[in-house]
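Here is what each chain is made of, one letter per residue.
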Amino acid sequence: MQKSFKEPKPTLYVVSTPIGNLKDITYRAVEILNEVDVILAEDTRTSSVLLNHYQIKKPMISYHEFNKDEKESQIINLLSEQKNIALISDAGTPGINDPGFEIIKKVIESGYHVVSIPGASALLAAVVTSGLIIQPFTFLGFLPRKQVDMKKTLSEYINRKETLIIYESPMRIEKTIKVIYQILGERNISLARELTKTFETIIRTTLSQAIEMEHNTKGEYVIIIEGDTHFQESFNESVVDHVQRLIQSGITEKDAMKQVAVQRGIPKSDVYQAFKIDKK
Ligand code: SAM
């Protein structure tokens, strides 16, 4: 009987690279990067450091946020010429807050293979070392920069039980933590900085303590936030008890009333009234 033979299809390999420590790359990733015809790199200069370290000599094509549309047809053409391609980003896993999603989708739609070569990603490294509940978690990536939009996004997660994972730049870390505290109230958090690098730091604390600290404005951060562990409780207790509990967890009376209103979906004035009457 004739052996069934599967025609090798041209493939786009989505290759994870280190998030700091150059040793955090898999044998398979090095092998694939050596085998493909061309490497799509977010920043060819940044990736040269890694490729030189592993003595990988392959043509690179820059593929980033600002040229991804114009590169799309070039990439599909290469696959149609039976070329194999690797996609890498500056750090970690392409597609995770890095360019990749659109080309991956396009390659699948065009009928070629997409294969993952898994490895480092800051979100997983940060959540597993946080000591906070891992499943379920929600990865939010970067929050919107404008405070009003940031607050709006965070408000959607007030009553949610899952652990939240957020990427943030060192320049904005202090402001962002303050906004998170304002909207989500007291929670346990973990601040993972410079993971896998020489100055790796993991601060496991609470939001109220974190806003009192000075945070290093160099390096990269992942913020891990505990879910709403009081979710059930919030609705079995009175409005006044709910406000009291939030105040006891360390936030101001004003913020506590605001949060209770948002969490219960009732007007702020109702919370204010109930709380003031009870105080008399
Ligand atoms: N693709 C990457 C991944 O798989 O994690 C993420 C790229 S995103 C543009 C960069 C953000 O990831 C940084 O601002 C930071 O929030 C986080 N990050 C990347 N490397 C990190 C590290 N070594 N330590 C802590 N956070 C890191």
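What you are looking at is a predicted structure, and each value in this text was computed from that prediction instead of being measured.

Asker: What is the right way to look at the nonpolar core in this model?
Answerer: When a protein is soluble and globular, its nonpolar side chains tend to lie buried together. Leu154, Ile166, Ile180, Leu184 and Ile225 are the most contacted members of the largest nonpolar core, which has 32 residues in total. When residues in this core are grouped by element, the largest group, 7 residues, is from helix α7 (residues 173-184). Composition of this core by domain shows at least three residues from each of domain 2 (123-231) and domain 3 (235-279). In this structure, Ile225 is in contact with Leu132, Glu162, Thr163, Leu164, Ile166, Ile180, Leu184, Arg187, Asn188 and Ile189, ignoring residues within four places of it in sequence.

Asker: Whenever I open this one, the packing of aromatic side chains confuses me. Can you help?
Answerer: Here the distance between the centres and the angle between the planes together describe a pair of aromatic rings. The full count for this structure, using the stated rule, is 2 aromatic pairs. Judged by centre distance (4.9 Å) and plane angle (70 degrees), the rings of Phe139 and Tyr167 are edge-to-face. One end of the pair, Phe139, is in strand β6 (residues 137-142); the other, Tyr167, is in strand β7 (residues 163-168), with 28 residues separating them in the sequence. Classification of Phe139 by relative accessible area gives partly exposed; the value is 28%. Ring geometry for Phe142 versus Tyr167: centroids 5.8 Å apart, planes at 70 degrees, classification edge-to-face. Placement of the pair is Phe142 in strand β6 and Tyr167 in strand β7, with a sequence separation of 25 residues.

Asker: Whenever I open this one, the pairing of β6 confuses me. Can you help?
Answerer: It is a general feature of regular strands that their side chains alternate between the two faces of the sheet. Alignment of β6 against β7, held across 5 bridges, turns out to be parallel. Bridge pairing links Phe139 to Ile165 in β7. Between β6 and its parallel partner β7, the chain crosses via helix α6 (residues 147-155), and the hand of that crossover is right-handed.

Basis of the calculations
- Residues numbered from 1 in each chain as written.
- Predicted model: local features only at pLDDT ≥ 70, side-chain atom pairs only at ≥ 80, totals over all residues.
- Heavy atoms only, no water.
- Core = buried A, V, L, I, M, F, W, Y, C linked by side-chain atoms within 4.5 Å.
- Buried < 20%, exposed > 50% of the residue type's maximum accessible area, 1.4 Å probe, protein only.
- Helix = DSSP H or I, 4+ residues; strand = E, 2+ residues; numbered from the N terminus.
- Domains from an automatic or database assignment.
- Contact = heavy atoms within 4.5 Å.
- Phe/Tyr/Trp six-rings, centres within 6.5 Å; stacked < 30°, edge-to-face > 60°.
- Pairing = 2+ DSSP bridges.
- Right-handed = clockwise from strand over helix to strand, strands pointing away.

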